[in-house]
Amino acid sequence: MLKKILSLLLIASLSVPFAARADEGMWLPMLIKRLNYTDMQKEGLQLTAEEIYSVNHASLKDAIVSFGGFCTGEFISPEGLLITNHHCGYSSVQSHSSPDHDYLTDGFWATSKDKELPNEGLFVDILVRMDDVTDKVLEGITPATSEEERAQKIAQRMKAIAQEASENGQYVSYVRDFFNGNEYYVFVYNRYTDVRLVGAPPSSVGKYGGDTDNWMWPRHTGDFSMFRVYMAPDGKPAPYSKTNVPYKPKHFLPISLSDKEPGDFSMVFGFPGRTKRFMTSHGLKLEVNQLNKSRIKLRDKKLGLWKEDMDKDAATRIKYASKYASTSNYYKYSIGQNEGIKRMHTIEGKIADEDKFQAWANADAQRKATYGDVLSNIADAYANIEKYNLGSIYLNEAVLGTESMMLGYRFIPLYNTLKANNAAATQKAIEDLKPRVDAHFKDYNMPTDKKVFAAMMKYYYEDIPKDQQPEEFKNMVQKYNGNFEKLADYVYSNSFLVSEQKVNDFLQNPSQKKLENDPAFQIVNSILMNYVNNIAPKMAESNAKLDKANRLYVAGLRLMNPDKVYYPDANSTLRLSYGTVKDYSPQDGVLYNYYTTLDGVMAKEDPTNPEFVVPAKLKQLYQAKDYGRYANSKGELVTDFITDNDITGGNSGSPVINGRGELMGLAFDGNWEAMTGDLVYDPEYKRCINVDIRYVLFIIDKYAGATNLIQEMTLVDNGNPGAGDAAEAKAETPQAELLNATVQEAKEMLRSGKEEFKIEKKKGDVKVKLQVKD
Ligand code: ARG
């Protein structure tokens, strides 16, 4: 039988050479109906395309929000109750914490609406509509148009289109470019700014496994937190006010209590931040050797210095908790990505793609004229950028990565208005600065920052070519004979930027002279100005050349593969990805199950390691097996599960939705074996790590006793196992064939690495679905 399947498969794959992978892709919701819907139905979707995305009727999209511009959240009640990840709400939880009210450690639960906590600066964006405006943006622009004119025209038009779409500021709107400048879309949002903290588990649940488990499967993290969105009584967005009322979403997600099985349909709706799937081998080399390498070196040092002080003192630990977590997150990401690029031969793979492109371009005279030199232009541009790139990376990571330097950087607008002697603009600059200054000092420990300064400036001085550093800075370093501790002593005892009192005094009575003479300001300002005036111009021409070549490369690829359906790189706009619940084999001889349970939480427990402490109450519930209706059909409490959805940073908190439109869990991470995922999607390894919604409900209900929140939600119990009907439905579709197989056969098929097999395990006997992709 196996042979029959394999030969069927061979025929199928030969006849559809450019099939889009179901699981790969971050699709634009407005194009789902045209590009993906049939495929999604085959995978098990039971909703109509309009139920997913519609401008005129309530649809799934109305339940999804951009959370603060950096994560995703979704409504789960008619009263504006919003759920996202713990690591997305982390800085809000942290901002309300102190050694007396340590919500980071103990968790926080509002037992009634009046106990919810407002969060200044936090907002959620709810999409009203999106439209293709490519024709408008590119009108009259031809291959003959100069790059300069092109850029200018496009920028103007993007601005004008966004302005018009905002309907006099009623909406937040912007135009984004797609496919490296080949397409443009406008996005229109309602922005709500009264977003209150409702609940968060203790970090020992919400961040269980800490940095050790971060970016890894198997995982046991309860990565969720809850907020509520408020609106003015007339339904409009409004700043925080006691008179505001809970937002009424056009749609909220019902919650599924069903078991999940491998092969079950899953879609993730959210705001992926950035992928670089079209990046060439030339770009990748810089990512590996410059960006990731520097990030690893600089952050390793900084994190070590922070940790020393955090371990000494509770107040410092809380102040630096959120900064530490976000810095360590992409530190580990860079390590994993560099390892992965080597192991997976990512650069070699890109080179092979490029060779094909070149051969395609060369095969036709006209094509050659347009695309023949695209790759060599990309290579040339990067060769020049490479010479100056480190300075820009260190500016971000080392210089602005030092807190006092970052604060100094924030003073530059004020410095400019003072210089221009513009009283009104100065006043405005001061008002803009005040909240930033408050936020800065709320979480600031001067001695810690001073150590970081000495270390970061030393690296900057040593690693950046001397002729790319400003004279002022080099002179200062020489004055202290290259002793960075002494330089730090001088800067931190003479700069007003390291004292809250002194900064506020300055803002009362600002002076250009005082700012100019401040040593911290001098350093950051000189490095930045040197970059702007001397370094950036040297890269400008190459960047323009690169933009053009990248645009042509993507356009050429799409011409070269006319049958392939391309999706654009992530750019923080709303996307949908779909795939299935799926296990994976991280290495030869090892198979990772697709879900984890509370048993695994207990197995990892280590009371001496803060990352693996299990709260006493959770242990009691575990010992009593008191899981209520949240257990699976085997009586286990499932914590996390994996799917092959295509996600990236920014998707954090995104709903994982089943074929019926119900919430199964929240996406919160990617896995170590696919840290190259932002560069290439590898179906064998790429997985999306999700917290099971039943674990979330269990923590809210059984652990925290916040039954008030459960009552707001709609829980759907379809009975377990829930996969039966869907599997039957799938079996009827002409492209899928359900075959009985022995466990042995099934495993063999899985191991053959052919994605077309889906193992459907139903209570003992194994079914293998042969799925022919089109
Ligand atoms: N890796 C996760 C993401 O990028 C963030 C996890 C945060 N947890 C942590 N231990 N730093 O979405």
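Above this text is the structure in question.
Residues numbered from 1 in each chain as written. Predicted model: local features only at pLDDT ≥ 70, side-chain atom pairs only at ≥ 80, totals over all residues. Heavy atoms only, no water.

A. Helix α5 (residues 86-95), seen in detail. The element α5 is extensively covered by neighbouring structure, given that 7 of its 10 residues are classed as buried. Every buried residue of α5 is listed here: His86, Cys88, Gly89, Tyr90, Ser92, Val93 and Gln94. (Buried < 20%, exposed > 50% of the residue type's maximum accessible area, 1.4 Å probe, protein only. Helix = DSSP H or I, 4+ residues; strand = E, 2+ residues; numbered from the N terminus.)

B. View of the packing of helix α16 (residues 403-410) against helix α24 (residues 519-560). Across the interface, α16 lies against α24 with an axial gap of 9 Å and an inter-helix angle of 70 degrees. On the basis of their axis angle, the class for α16 and α24 is roughly perpendicular. Each of Met405, Gly408 and Tyr409 in α16 lies in contact with α24, whose residues at this interface are Ala520, Phe521, Ile523, Val524 and Leu528. Here the residues of the contact of α16 with α24 are counted per class, giving 7 nonpolar, 1 polar and no charged. (Axes fitted to C-alpha atoms, helices over the stretch in contact; angles between N-to-C directions. Parallel < 35°, antiparallel > 145°, perpendicular 65-115°, else oblique. Contact = heavy atoms within 4.5 Å. Nonpolar A, V, L, I, M, F, W, Y, C, P; charged D, E, K, R; others polar.)

C. Summary view of the environment of Thr448. With respect to the helices, strands and loops of the structure, Thr448 is situated in helix α19 (residues 446-463). As for Thr448 and Leu138, which are separated by 310 residues in sequence, their C-alpha atoms are 50 Å apart. In this structure Thr448 touches Leu305, Trp306, Asp309, Thr316 and Tyr320, once residues within four positions along its chain are discounted. A polar contact is formed between the side chain of Thr448 and the side chain of Asp309, at a distance of 2.7 Å. (Polar contact = N/O pair within 3.5 Å; in protein donor to acceptor, adjacent residues only side chain to side chain.)

D. Representation of the nonpolar core within the structure. Formed by 177 residues in total, the largest nonpolar core has its most connected members in Ile52, Met226, Met267, Phe411, Tyr695, Ile700 and Met713. For this core, the leading source of residues is α24, giving 16 residues. In this view, Met713 contacts Ile76, Leu81, Met226, Ile255, Leu697 and Ile700; residues no more than four positions away in its chain are not counted. Val65, Tyr90, Val93 and Leu197 belong to the second largest nonpolar core, which has 27 residues in total. (Core = buried A, V, L, I, M, F, W, Y, C linked by side-chain atoms within 4.5 Å.)

E. Main features of the site of the ligand. In the vicinity of the ligand, the residues found are His87, Lys207, Gly210, Asp211, Asn214, Trp215, Ala325, Asn329, Ser652, Phe668 and Asp669. The backbone of Gly210 places a nitrogen or oxygen atom 3.3 Å from a nitrogen atom of the ligand. For the ligand, a nitrogen atom lies 3.2 Å from a polar atom in the side chain of Asp211. Look at the ligand: alone it shows 350 Å² of surface, and the protein chains cover 93% of it. Of all the secondary structure elements, the ones that give two or more residues to the shell around the ligand are α10 (210-213), α12 (314-343) and β20 (663-670). Grouping the constituent residues of the shell around the ligand by class yields 3 nonpolar, 5 polar and 3 charged. (Near = heavy atom within 4 Å. Areas by Shrake-Rupley, 256 points an atom, 1.4 Å probe, with all protein chains shown as cover.)

F. A look at the pattern of salt bridges. Per the counting criterion, the structure on display carries 37 salt bridges. Its salt-bridge partner being Asp489, residue Lys450 comes within 2.7 Å of it at the nearest N-O pair. Here Lys450, found in helix α19, pairs with Asp489, found in helix α21 (residues 484-494); they are 39 residues apart in sequence, far enough to count as distant. Residue class for Lys450 comes out partly exposed when judged on its relative accessible area of 24%. Taking relative accessible area as the criterion, Asp489 reaches 39% and is therefore assigned partly exposed. It is possible to trace a salt-bridge network through shared partners that takes in Asp259, Lys260, Asp692 and Arg694. (Salt bridge = Lys/Arg side-chain N within 4 Å of Asp/Glu carboxyl O.)

G. The environment of Asn422, seen in detail. Along the chain, Asn422 falls in the loop between α17 (412-419) and α18 (423-442). For Asn422, the side chain forms a polar contact with the main-chain nitrogen of Ala424, separated by 3.3 Å. A polar contact of 3.1 Å, which involves the side chain of Asn422, links it to the backbone nitrogen of Ala425.

H. How the structure looks around the pairing of strand β7 (residues 172-178). As judged from the 7 bridges shared by β7 and strand β8 (residues 183-192), these two strands associate in the antiparallel manner. Note on β8: the bridge partner recorded for Arg176 is Tyr185. In textbook terms, the turn of a hairpin is the stretch between consecutive antiparallel strands, and for β7 and β8 this stretch comprises 4 residues, one of which, Phe179, has a positive phi near 50 degrees. (Pairing = 2+ DSSP bridges.)

I. Focus on α12. Over its 30 residues, α12 runs 41 Å from end to end, which matches the ideal 44 Å to within 8%, given 1.5 Å per residue. Remark: the principal bend of α12, roughly 50 degrees, maps to Tyr320. Positive backbone phi, approximately 55 degrees, marks His345, located one or two places after α12. (Expected span 1.5 Å × (residues − 1). Bend = angle between axes of the 7 residues up to and from the residue.)

By themselves, these observations are geometric and do not establish any function.
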